[in-house]
Amino acid sequence: MGTVGLWSVVRFLHVTGAVLWVGGQLALTLVVLPLARRMLAPEARDRFAAEAGRRFGLLTGVVFLPVQLGTGWAMAWHKGVTWASLAEPGYGRTLAAKLGLFVVVMLAAAGHGIAHARNRPDLARGLAVVSLVGSLGVVLLATALPAT
């Protein structure tokens, strides 16, 4: 059995951060918010959903996003990824697609918060779905990348 090296720890943090971030989105979307819709009065439900979204957004901004960006950048640096290599077939293009989709997810998540704050629930709900589906796409693309 080999030893656990620095890059194994970095990859572990990256994968764990993604699991907690995407898993948190799934738990909120598929478990917590549907229960709140069924069990709470409309005013309490809206307040609960807003507070849950605000807390998850704060956790994303303070923990998940910095961990994902920091560990992702470190692994790319370790693998020798350059801007030019992102255009190369295979690893480069898959990583470029993952990064592009990640940007779309972050924009959709930010738009969700703005739409919710401006009391546009249909737009907020649509952007939340885009963010969740895009997050699952990011994970799918990540599984196509070889380990560093």
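Preceding this section is the structure that the text describes.
No experiment lies behind these values; they were computed from the predicted model shown.

Q: Please explain a nonpolar patch on the surface as it appears in this structure.
A: Together, L30, V31, L35, M39, L40 and F48 give the surface a local cluster of nonpolar side chains, amounting to about 580 Å² of exposed area. Within the secondary structure layout, F48 lies in helix α2 (residues 42-79).

Q: Could you clarify how one ought to interpret the nonpolar core in this entry?
A: Soluble globular proteins tend to pack their nonpolar side chains together in the buried interior. Within the largest apolar cluster, 10 residues are counted, these being W21, V22, L28, A52, F56, F64, F102, V105, M106 and V138. When residues of this core are traced back to their parent elements, those giving at least two are α1 (6-39), α2 and α3 (91-117).

Q: Please clarify how the packing of α1 against helix α4 (residues 121-144) should be interpreted in this entry.
A: Two measures define how a pair of helices packs: the angle their axes make with one another and the distance between the axes. One way to put it is that α1 packs onto α4 with a least axis distance of 9 Å and a crossing angle of 145°. Classified by chirality, the crossing of α4 by α1 is left-handed. Contact residues: α1 offers W21, V22, Q25, L26, T29 and R37, while α4 offers R125, S131, L132, S135, L136 and V139.

Q: How should the packing of α1 against α2 be read in this particular structure?
A: With their axes 9 Å apart at the nearest point, α1 and α2 run at an angle of 160° to one another. Classified by the interaxial angle, the pair formed by α1 and α2 is roughly antiparallel. Viewed along their axes, α1 and α2 form a crossing whose handedness is left-handed. When grouped by side-chain class, the residues that make up the contact of α1 with α2 number 19 nonpolar, 9 polar and 3 charged.

Q: For this particular structure, what's the right way to read the packing of aromatic side chains?
A: We describe a pair of aromatic rings using the distance from one ring centre to the other and the angle between the two ring planes. Following the criterion strictly, the structure yields 3 aromatic pairs and no others. Ring centres of W7 and W77 lie 6.3 Å apart, and the angle between their planes is 40°; this geometry places the pair in the tilted category. Taken together, the positions of W7 in helix α1 and W77 in helix α2 put the pair 70 residues apart, joining distant regions of the chain. Between F56 and F64 the ring centres are 6.0 Å apart and the planes differ by 50°, which places this aromatic pair in the tilted class. The same class applies to F56 and to F64, which are both buried. Its guanidinium or amino end placed over the ring of Y91, K79 lies 4.8 Å from that ring's centre, counting from NZ or CZ.

Conventions adopted
Residues numbered from 1 in each chain as written. Predicted model: local features only at pLDDT ≥ 70, side-chain atom pairs only at ≥ 80, totals over all residues. Heavy atoms only, no water. Patch = residues over 30% accessible without salt bridge, like charges linked within 9 Å, V, L, I, M, F, W, Y side chains within 5 Å. Areas by Shrake-Rupley, 256 points an atom, 1.4 Å probe, with all protein chains shown as cover. Salt bridge = Lys/Arg side-chain N within 4 Å of Asp/Glu carboxyl O. Helix = DSSP H or I, 4+ residues; strand = E, 2+ residues; numbered from the N terminus. Core = buried A, V, L, I, M, F, W, Y, C linked by side-chain atoms within 4.5 Å. Buried < 20%, exposed > 50% of the residue type's maximum accessible area, 1.4 Å probe, protein only. Axes fitted to C-alpha atoms, helices over the stretch in contact; angles between N-to-C directions. Left-handed = near helix turned anticlockwise from the far one by under 90°. Contact = heavy atoms within 4.5 Å. Parallel < 35°, antiparallel > 145°, perpendicular 65-115°, else oblique. Nonpolar A, V, L, I, M, F, W, Y, C, P; charged D, E, K, R; others polar. Phe/Tyr/Trp six-rings, centres within 6.5 Å; stacked < 30°, edge-to-face > 60°. Lys NZ or Arg CZ within 6 Å of the ring centre and 35° of its normal.

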